[in-house]
Amino acid sequence: MIVCIADVLSAEQLAEVRELLSRGTYVDGKQTAGWHARLVKDNSQLAGGEVATRASAIIHNALMESAVFQAAVRPRHLRSMLFSSYSGGQTYGSHVDDALMRTESGTMRSDVSMTVFLSDPASYEGGELVIEGPGGEQTYKLDAGSVITYPSTTLHHVAPVTSGTREVAVSWAQSLVRAPEHREILFDLDTARRSLFQREGKSAEFDQLSKSHANLLRMWAET
Ligand SMILES: O=C(O)CCC(=O)C(=O)O
Ligand SMILES: [Fe+2]
C-alpha cells in the first residue's frame, strides 16, 4: 500500500526545517547507503549533528501526530530522518532498502520507507520518486511538506534532477504490523469506520467494524 499524506508539515515547520538545512554541512550520500545501493546513489546528505537532530525531531513529531500516518504505518520504531539533496543531474538508481538498520538503541527492521518532500515541485525538474512494481512504475513528486509512505519491499529509484534542487527527508519505520497486506486491511477498516462515525456517530455498525478492527489488530500486532 502506498499512502501519500498532504501537508504533514505545517508551513511554519517546513520553514523551520528549511532554515536549519540551509545552515547544515552536506557530505557524499554514498556514506549512508548499503554496499550495493552505494553503486547507484548519487546525492548529498546532511551530516549528522545539531542541525540534523533538530530538523529530524520536527519531522518525527509531525509524523507521529498525523492520524493518517499512524493508521497507514503503525510505527513501532521510526529511524531518525536522513536529509538528502539532489541537483545537477543527481539521481538514485534502482535499489531495495536494507532490511535491517542500526539505530541508536539497536537494530530495527525496515517495513515502511518514506520520503518527506521539502522543495516546491515547481523549483526543480525531474526528481520523481519512482516505485517499481509488477504492474509497471508509479511516479511521485509531491508538494513541499507532504509525505509518501511505501513498502520497503519494493525496488525504487529517484529520477535525475535536471534543474534546481530537490531536498527531501527520508526515513524508515518498523511497523507493529509486519505484513503489508495486514496493514492495508487495517487501514481500510479504520478509514471506513471513521467515515461511518462522521456520518452516523457511534452506531451499531460502527461498533461492529470497530470490534473487527481491534481484534484483527490484536491478532496481527507484534509489540
Ligand atoms: O529521495 C527519495 O525520495 C528516496 C531515496 C531513497 O530511496 C533512499 O534514500 O533509500
Ligand atoms: Fe531507497
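The rules we used
Residues numbered from 1 in each chain as written. Chains lettered and ligands numbered in written order. Predicted model: local features only at pLDDT ≥ 70, side-chain atom pairs only at ≥ 80, totals over all residues. Heavy atoms only, no water. Helix = DSSP H or I, 4+ residues; strand = E, 2+ residues; numbered from the N terminus. Expected span 1.5 Å × (residues − 1). Contact = heavy atoms within 4.5 Å. Donors = N, O, S within 2.8 Å, 3.2 Å for Na, K, Ca; no water. Buried < 20%, exposed > 50% of the residue type's maximum accessible area, 1.4 Å probe, protein only. Near = heavy atom within 4 Å. Polar contact = N/O pair within 3.5 Å; in protein donor to acceptor, adjacent residues only side chain to side chain. Areas by Shrake-Rupley, 256 points an atom, 1.4 Å probe, with all protein chains shown as cover. Nonpolar A, V, L, I, M, F, W, Y, C, P; charged D, E, K, R; others polar.

In the annotation of an unreviewed UniProt entry, the entry for the protein reads PKHD-type hydroxylase, and the organism field reads Limimonas halophila.

Draft legend 1. Just helix α5 (residues 204–220), in detail. Compared with the 24 Å implied by 1.5 Å per residue over 17 residues, the 24 Å span of α5 between its first and last C-alpha is a close match. Elements in contact with the buried residues of α5: α4 (180–200).

Draft legend 2. Examining the coordination of the iron ion (ligand 2) more closely. Coordination of the iron ion (ligand 2) by the protein involves His95 (NE2), Asp97 (OD) and His156 (NE2), with metal-donor separations of 2.1 Å. In primary sequence terms, the donor set of the iron ion (ligand 2) follows H-x1-D-x58-H. Placement of Asp97 in the loop between β7 (91–95) and β8 (100–103) and of His156 in strand β15 (residues 155–158) is noted, with a sequence separation of 59 residues between them. Residue class for His156 comes out buried when judged on its relative accessible area of 3%.

Draft legend 3. Summary view of the site of ligand 1. Neighbouring residues of ligand 1: Tyr86, Tyr92, His95, Asp97, Thr115, Leu129, His156, Val158, Arg166, Val168, Val170 and Trp172. Tyr86 is positioned with one of its side-chain polar atoms (N or O) 3.3 Å from an oxygen atom of ligand 1. The separation between an oxygen atom of ligand 1 and a polar side-chain atom of His95 is 3.1 Å. For ligand 1, whose unbound accessible area comes to 290 Å², protein coverage reaches 97%. Counting residues per element, the ones that place at least two in the shell around ligand 1 are β7, β15 and β17 (165–175). The biggest single contributor to the shell around ligand 1 is β17, with four residues. Here the residues of the shell around ligand 1 sort into seven nonpolar, three polar and two charged.

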